[in-house]
Amino acid sequence: MKKVLSIINLIIIMCGLAAFVAGFFMLAKWLGFVMLGVTLYFVGSSFSNAIGGD
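Computed from a prediction, not measured in an experiment: that's the story for all the values here.

Asks: In this structure, what is going on with the packing of aromatic side chains? I would like to understand it.
Replies: Two aromatic rings, taken as a pair, are described by how far apart their centres are and by the angle between their planes. Inspection of every chain in the model, using the stated rule, returns two aromatic pairs. Look at F24 and F25: their rings are 6.3 Å apart centre to centre, the planes differ by 70°, and that puts the pair in the edge-to-face class. You can call F25 exposed: its relative accessible area is 55%. Pairing Y41 with F42 gives two aromatic rings, centres 5.8 Å apart and planes at 65°, and the pair type is edge-to-face. The same class applies to Y41 as to F42, namely exposed.

Basis of the calculations
- Residues numbered from 1 in each chain as written.
- Predicted model: local features only at pLDDT ≥ 70, side-chain atom pairs only at ≥ 80, totals over all residues.
- Heavy atoms only, no water.
- Phe/Tyr/Trp six-rings, centres within 6.5 Å; stacked < 30°, edge-to-face > 60°.
- Buried < 20%, exposed > 50% of the residue type's maximum accessible area, 1.4 Å probe, protein only.

What follows is the structure, given as structure tokens:
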């Protein structure tokens, strides 16, 4: 019985780690999109400033 419990515990831990890694990658992807948007916004605003001749 103890062996079964330890196996179940191991499965729960593995599932938790997998969920953590998946969540981390989703967050990283989301942050990547945010960074891309901010970068494009700054590039666009600096280009418009350069074209506007401020």
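Following the structure, the description resumes.
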